[in-house]
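Next come the chains, spelled out residue by residue.
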Amino acid sequence: MAMQPARVKFRKMHRGNRAGLAYRGNTVAFGEYGLMALERCWMDAKQIEAARVAVTRHMKRKGKMWIRVFPQKSFTKKPLETRMGKGKGAPEEWVCVIKPARILYEMEGVSREIAEEALRLAAHKLPIKTRFVTREQTEVGE
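Residues numbered from 1 in each chain as written. Predicted model: local features only at pLDDT ≥ 70, side-chain atom pairs only at ≥ 80, totals over all residues. Heavy atoms only, no water.

Observations concerning the nonpolar core
A general trend in soluble globular proteins is that nonpolar side chains are found buried together. For clarity, the threshold we go by: Residues grouped as a nonpolar core are buried Ala, Val, Leu, Ile, Met, Phe, Trp, Tyr and Cys residues, joined through side-chain atoms within 4.5 Å. Buried residues are those whose accessible area, probed at 1.4 Å on protein chains only, stays under 20% of the maximum for their type, while exposed residues exceed 50% and partly exposed ones sit between those limits. Numbering of helices and strands runs from the N terminus; a helix is a DSSP stretch of H or I covering at least four residues, while a strand is a stretch of E covering at least two. Pairs of residues are marked as contacts when any of their non-hydrogen atoms sit within 4.5 Å.
Met43, Val55, Ile98, Leu104, Tyr105 and Met107 are the most contacted members of the largest nonpolar core, which totals 25 residues. A total of five residues in this core trace back to one element, the largest contributor, which is helix 2 (residues 112-123). In this structure, Tyr105 is in contact with Tyr33, Gly34, Leu35, Gln47, Ile48, Ala51, Arg52, Met65, Trp66, Ile67, Leu119 and Leu126, ignoring residues within four places of it in sequence.

Let's talk about the layout of surface pockets
Counted only if it meets this: The rule is simple: put a 1 Å grid over the protein atoms alone, call a set of points where a 1.4 Å probe fits but cannot get out a cavity, call an open set with protein on both sides within 12 Å along at least five of seven lines a pocket, and count a residue as lining if it has an atom within 4 Å of a point. Grid points are joined across faces, edges and corners, and a volume is the space filled by probe spheres set on the points. Amino acids are sorted into nonpolar (Ala, Val, Leu, Ile, Met, Phe, Trp, Tyr, Cys and Pro), charged (Asp, Glu, Lys and Arg) and polar (every other residue, Gly among them).
Roughly 390 Å³ of internal volume is contained in the largest pocket. Forming the walls of the largest pocket are 17 residues, and the residues nearest its centre are Gln72, Val97, Ile98, Lys99 and Arg102. At four residues, the largest contribution of residues to the lining of the largest pocket is made by strand 5 (residues 90-98). Taken together, the residues of the lining of the largest pocket break down into eight nonpolar, three polar and six charged.

Focus: the pattern of salt bridges
For the record, the criterion: Salt bridges are defined as contacts in which a side-chain nitrogen from Lys or Arg sits within 4 Å of a carboxyl oxygen from Asp or Glu.
Per the stated rule, a full pass over the model turns up five salt bridges. As a salt-bridge pair, Glu116 and Arg112 come within 2.8 Å of each other at their nearest N and O atoms. Taken as a pair, Glu116 and Arg112 lie in helix 2 at a separation of four residues, close to a single helical turn. Taking relative accessible area as the criterion, Glu116 reaches 36% and is therefore assigned partly exposed.

Details of the sheet that holds strand 4 (residues 73-77)
The cut-off we apply is this: Strands pair, by our definition, only if DSSP identifies at least two bridges between them. In this analysis, axes come from line fits to C-alpha atoms, helices being fitted only over the stretch in contact, and the angle between any two N-to-C directions falls in the range 0 to 180 degrees.
One open sheet holds the three strands; their spatial order is 2-5-4, and the pairing between them is antiparallel. Looking at the sheet topology across the chains shown, the edges are occupied by strand 2 (41-44) and strand 4. Strand-to-strand twist across the sheet, computed as the mean angle between neighbouring axes with direction ignored, equals 55°. The pairing of strand 2 with strand 5 spans four bridges and is antiparallel.

Topic: the side chain of Thr138
Among the secondary structure elements, Thr138 is positioned in helix 3 (residues 135-138). For Thr138, a relative accessible area of 10% puts it in the buried group. Not counting residues up to four positions away in its chain, the partners in contact with Thr138 are Asn26, Thr27, Val28, Met36, Ile103 and Val133.

Details of unusual backbone geometry
Unusually for a residue other than glycine, Glu81 sits at a positive phi of about 55°. With respect to the element layout, Glu81 can be found in the loop between strand 4 and strand 5. One non-glycine residue, Ala101, lies in positive phi territory at about 85°. Note on placement: Ala101 falls in the loop between strand 5 and strand 6 (103-108). Given a relative accessible area of 21%, Ala101 falls into the partly exposed group.

Below you can see the structure in the form of structure tokens.
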């Protein structure tokens, strides 16, 4: 089963606003290395899962990995060749709104070389440009 909320109060959501930078979830909080989004998109559950599989395969059960994004927004689609009107379409898929500077995946317990290669493989599964970052690069000065 793909990642999706267990239940929601309202099935059909507004499109929302994708402008601006991610001001939450923009630091490496759990692991040592992370993958940062440089563009904005709606990332669906299949893309998140494909990147997760690529990372875990390369790590070969060593280290620990965190997925920092979750698809909690539904989007709807009307059937093909349907006339306009007659209400909003049926929920089609679950997506996560990604803004630039958002950390998507984190990992620790592996060498920097393995982490860089694993996250590079994951980045190829995603529809946006990303950057490899370390905890030191994203820490907020105290």
